[in-house]
Amino acid sequence: MTGKTTQGLRGLEQETGMIDASSVDEVNYASNERQLKGLPGFLLFFLCVAYIGFHLYALNIEPVETWTYRIIHVSVGLLIGFLLIGSSSRFNTDLPSKGLRLASFVSTLIAAGVLAGVLAISYQDAFGISDKTFAFLTEQLGVITWIALAANMVCSYLCRGRRYSLNGSDVGLGLIAVAVAVYILASLTRWRMMAGTSMVGELDLVFSAVGVLLILELTRRVAGLALVAITAVFIGYAFIGPWLPGIFEHQGYTSARFFSYLYTDNGILGPTVAVSSTYIVLFIAFAAFLQRSKVGEYFVNFAFAMAGRSRGGPAKVAVFASGLMGMINGTSAGNVVSTGSLTIPLMKRVGYNARSAGSIEAAASTGGQIAPPIMGAGAFIMAEVTGIAYSDIAIAAIIPAIMYFLSIYFMVDLEAQKNGMRGMRADELPRLQPLLARIYLFLPIIVLISTLFMGYSVIRAGTLSLVAAAVVSWLTPHWMGPRAILEALVLAARMVIPLVAVCACAGLVVGVIALTGVGARFASMLLVVADNSHFLALIFAMFLSILLGMGMPTTAAYAVAASVIAPGLQKIGIDPLVAHFFVFYYAVISAITPPVALASYAAAAIANTDPLRTSMTSFKFGLAAFVVPFLFFYSPSILMQGDWPEIVRVIVTASIGIYLLSAAVQGWLRGALTGPWRIGAMIAGLAMMAGGTATDIAGIILALVIVGAQVIRKQEPVAVSS
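Residues numbered from 1 in each chain as written. Predicted model: local features only at pLDDT ≥ 70, side-chain atom pairs only at ≥ 80, totals over all residues. Heavy atoms only, no water.

1. Here we look at the overall build of the protein chain
- Counting secondary structure elements, the protein chain contains 33 helices and zero strands.
- Here the C-alpha radius of gyration of the protein chain, 26 Å, is about what a compact globule of 722 residues would show, namely 27 Å.
- Taking the principal axes of its C-alpha atoms as reference, the protein chain extends roughly 95 × 60 × 50 Å.
- Out of the 722 residues belonging to the protein chain, those deemed buried represent 58%.
- At a minimum sequence separation of 6, the contacts of the protein chain that also span at least 24 residues come to 79%.
- Separation of charge centres in the protein chain, based on 42 positive and 34 negative side chains, amounts to 9 Å. (Helix = DSSP H or I, 4+ residues; strand = E, 2+ residues; numbered from the N terminus. Rg over C-alpha atoms; globule rule 2.2 N^0.38 Å. Buried < 20%, exposed > 50% of the residue type's maximum accessible area, 1.4 Å probe, protein only. Contact = heavy atoms within 4.5 Å. Lys, Arg positive; Asp, Glu negative; His and termini not counted. Charge placed at Lys NZ, Arg CZ, Asp CG, Glu CD.)

Spelled out as structure tokens, the structure:
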């Protein structure tokens, strides 16, 4: 969500005292998120519990028909989203004027009338509606729906309401979202046949278009304008295509055909919502149970006890803890806010400057999205799109994730060396012995990994892990009883609603790509480039993946890149697993790629430093991540493709290469690296990361020369600028 608060640092700027990791399990309210009290709060609480409970029931006990399930997932998600998230972060402190309150009330009544009208025409016989009334409603309902949407949108902006009470206009928008779902569900058989064809009627156009606009509005509220702007460009492309030149030209589509097509399993109800309604909901619920049982606090304390005393200890803790938490909660920027509120002040305490502290946290939190077994949410979409077993994707991700976190670890260690930083004192750290006595708190993660590799389905494995999180809490002071479980379900709903909106919005882009065939045109362009060089084609794909991902949440970034770029890479002869991992990595690390780097911006807000400079430094700390995806093509062993001797060789040489590359970037290897020695270290590192036997030998020889020169010179350690 936008505008995460950075309050609640619990005095971590003080120079003495033991760390307090209790804040890492808190999910702070967004600046535009309501905190409802009284009856509205109870009703929203019940709705959130029912929403997550419905998903868990359908996934594990009684399946629901696919389209019905996804439509309910999106529409009730929109309803909760509008009740929970305000149109802006500027809530009123006093009651709005009587005129605005009256306008808001009237607009809500009109929205309620739309829902009543949809129910009436959808279930004519059940309500005893006469044919004459039915004809009148059918004729007028479209206009009334547009009026209701416009009135509630305008009033939602003008009458922002108060943080602790409902805004009537947002209730109206939620009711319209429910009306869209009721209309489609009541005519689902007909909808499947005619959506996207010339048989679409006027009301079909109205409700599909209104549904699209509601998704865009909620996406703007939870994720900002970047994804909305990109989606709007794609939607506009569907209409202006006949007048565009070259590969962008297409025949054009009528509004009725276009918007109804988007509300099918080719668009909104397609792969992205398929993933958000199954895997994302399940694993967000798992994360909520972990956070409610304070397991995340234990993870962070354990990391501090193990690594806090080493030089630059908090930075190394951030690498581990932020990677682990980022893997679970599915969002880079959100994880920066939760763990960064603890780690960033501590990094500053031991000597890292504010910009480096924020950058390390951003890079580590972003890495969580590529860390198996959960990998945020992108891996689930990859499994859905490619048909490759999720367990195979998780296995393939192991070595690249190790390479990424090794890179950041080496970076922070070398920076600590060259600046003479200390670790934390024993009195500042949790004691290890009591933490070892509670090692069983790792059980939920162990259950998840073991059940996945025992052949259980992802859904069953996730459910068992969720249950394990509740069970282990019974051995701690944070015992999860019925009330705590209900609170965890509400927390899960709060966390999942932004991803529901983002996935539905990404589905719009996927639908436009499928309808217009622009993905195939990009594939043709990549084929032309690849005729000259596969390397150039990969460079082109890299820049395009980063560009499409800038300012977008990970899930949406990968969904778009997978639709536009991955098919082109496959057409030039690249294996589907390699192609999708390639675009997945660059979609993920767009969160730390300037000029639009969401994770870096969130970290900069906590560190109180310049966002653009922080994103540049994050780019430096995550530099190896920009090289590793090329190894997927040139050395597939890094994705566990090949025999074990080859895989082991790649791990060893790539690790050494990453260390040399980190040393070159930091300008430090047993002492200052300057001029040609720094360039040589970079060349040696890249050679050893390339994966070939000849390049490994060349890299080793060059590295030995550089290290030998360092030893001979016996240079005194001095700080140098990087």
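2. Some words on the side chain of serine 260
- Tracing the backbone through its elements, the reader meets serine 260 in helix H10 (residues 255–262).
- A relative accessible area of 0% places serine 260 in the buried class.
- Within the local environment of serine 260, its side chain forms a polar contact with the backbone oxygen of arginine 257, the two atoms lying 3.2 Å apart.
- Sequence-distant contacts of serine 260, that is, excluding residues within four places in its chain, are made with Trp191, Ala195, Gly196, Val200 and Ser208. (Polar contact = N/O pair within 3.5 Å; in protein donor to acceptor, adjacent residues only side chain to side chain.)

3. Section: the side chain of serine 465
- Summarising the element assignment, serine 465 is placed in helix H21 (residues 458–473).
- Relative accessible area serves as the criterion here: at 0%, serine 465 is assigned to the buried category.
- Setting aside residues up to four positions removed in sequence, serine 465 forms contacts with Phe286, Pro444, Val447 and Leu448.

4. Looking at the nonpolar core
- Core analysis: the biggest nonpolar cluster contains 235 residues, and Ile52, Ile268, Tyr352, Ile565, Leu569 and Phe581 have the highest contact counts within it.
- The element contributing the most residues to this core is helix H22 (residues 482–516), with 23 residues.
- With sequence-adjacent residues up to four places away left out, leucine 569 is seen in contact with Leu526, Leu538, Ala541, Ile574, Ala579, Phe582 and Val583.
- Leu669, Ala672, Ala703 and Ile706 belong to the second-largest nonpolar core, a separate cluster that totals 13 residues. (Core = buried A, V, L, I, M, F, W, Y, C linked by side-chain atoms within 4.5 Å.)

5. Focus on the packing of aromatic side chains
- In total, this model carries 27 aromatic pairs according to the counting rule given.
- On the numbers, 6.3 Å between centres and 70 degrees between planes, the contact of tyrosine 409 with phenylalanine 410 is edge-to-face.
- On the numbers, 6.2 Å between centres and 80 degrees between planes, the contact of phenylalanine 584 with tyrosine 585 is edge-to-face. The pair formed by phenylalanine 584 and tyrosine 585 is uniform in burial state, with each residue classed as buried.
- The structure contains a cluster of three or more aromatic residues connected by ring pairs, namely Phe535, Phe582, Tyr586, Phe619, Phe626 and Phe630.
- Directly above the aromatic system of phenylalanine 621 lies the positively charged group of lysine 620, at a separation of 5.2 Å from the ring centroid. (Phe/Tyr/Trp six-rings, centres within 6.5 Å; stacked < 30°, edge-to-face > 60°. Lys NZ or Arg CZ within 6 Å of the ring centre and 35° of its normal.)

6. Quick look at the environment of serine 332
- Mapped onto the secondary structure, serine 332 falls in helix H14 (residues 332–350).
- With relative accessibility at 4%, the residue serine 332 sits in the buried group.
- As a C-alpha pair, serine 332 and glutamate 361 span 29 residues in sequence and 9.8 Å in three-dimensional space.
- With residues near it in sequence (within four places) discarded, serine 332 still touches Ser365, Thr366, Gln369, Thr554, Ala591 and Ala599.

7. A few points about the pattern of salt bridges
- Using the criterion set out here, one finds 11 salt bridges in the structure.
- Here arginine 649 and aspartate 696 are joined by a salt bridge, their closest N and O atoms 2.3 Å apart. Placement of the pair is arginine 649 in helix H31 (residues 644–666) and aspartate 696 in helix H33 (residues 693–713), with a sequence separation of 47 residues.
- Look at aspartate 696 and you get buried, because its relative accessible area is 4%.
- When salt bridges that share partners are traced, they join Arg34, Asp170, Glu217, Arg220 and Arg221 into one network. (Salt bridge = Lys/Arg side-chain N within 4 Å of Asp/Glu carboxyl O.)

8. Observations concerning helix H23 (residues 518–532)
- Spanning 15 residues, H23 covers 22 Å between terminal C-alpha atoms, matching the ideal 21 Å at 1.5 Å per step.
- For H23, every residue scored as buried is listed here: Val518, Gly519, Phe522, Ala523, Leu526 and Ala530. Buried residues in H23, looked at end-on, bunch into an arc of 145 degrees, giving them a common side. Exposed and oriented more than 90 degrees from the buried face of H23 are Val528, Asp531 and Asn532.
- Its buried side turned inward, H23 meets helix H9 (225–240), H22, helix H24 (534–549), helix H25 (554–564) and helix H26 (566–571). (Expected span 1.5 Å × (residues − 1). Arc of directions from axis to C-beta.)

9. Structural notes on unusual backbone geometry
- Of note in the backbone geometry, asparagine 608 takes a positive phi value of approximately 60 degrees without being a glycine.
- Inspection of the secondary structure puts asparagine 608 in the loop between helix H28 (598–607) and helix H29 (611–621).
- The residue methionine 640 is not glycine, and still its phi comes out positive at about 65 degrees.
- Of note, methionine 640 is situated in the loop between helix H30 (628–634) and H31.

10. Focus: the environment of methionine 424
- With respect to the helices, strands and loops of the structure, methionine 424 is situated in the loop between helix H18 (398–418) and helix H19 (432–436).
- Accessibility expressed as a relative area gives 5% for methionine 424, which makes it buried.
- Separated by 361 residues in the primary sequence, methionine 424 and proline 63 place their C-alpha atoms 52 Å from one another.

11. What about the packing of helix H16 (residues 378–386) against helix H27 (residues 576–589)?
- Contact geometry for H16 and H27: axes closest at 11 Å, N-to-C directions at 150 degrees. Regarding the angle of H16 to H27, the classification is roughly antiparallel. Remark: the crossing between H16 and H27 carries right-handed chirality. Contact with H16, carried on its side by Gly378, Ala379, Met382, Val385 and Thr386, involves His580, Phe581 and Phe584 of H27 and no other residues of that element.
- Residue composition of the contact of H16 with H27, by class: five nonpolar, three polar and no charged. (Axes fitted to C-alpha atoms, helices over the stretch in contact; angles between N-to-C directions. Parallel < 35°, antiparallel > 145°, perpendicular 65-115°, else oblique. Left-handed = near helix turned anticlockwise from the far one by under 90°. Nonpolar A, V, L, I, M, F, W, Y, C, P; charged D, E, K, R; others polar.)

12. Some thoughts on helix H3 (residues 98–122)
- Its 25 residues give H3 an end-to-end C-alpha distance of 36 Å, which sits within 8% of 36 Å, the value for a rise of 1.5 Å per residue.
- Listed as buried for H3 are Ser104, Ser107, Thr108, Ala111, Val114, Leu115, Gly117, Val118, Ala120 and Ile121.
- Residues of H3 that are buried in the fold lie against helix H4 (124–127), helix H5 (131–158), helix H6 (168–186) and helix H8 (202–223).

13. Some words on the state of the cysteines
- Applying the stated criterion to the full structure yields zero disulfides.
- Of all cysteine sulfurs, the one in cysteine 503 lies closest to cysteine 505, which takes part in no disulfide; the gap is 10 Å.
- The exposure class assigned to cysteine 505 is buried, which follows from its relative accessible area of 0%. (Disulfide = S-S within 2.5 Å.)

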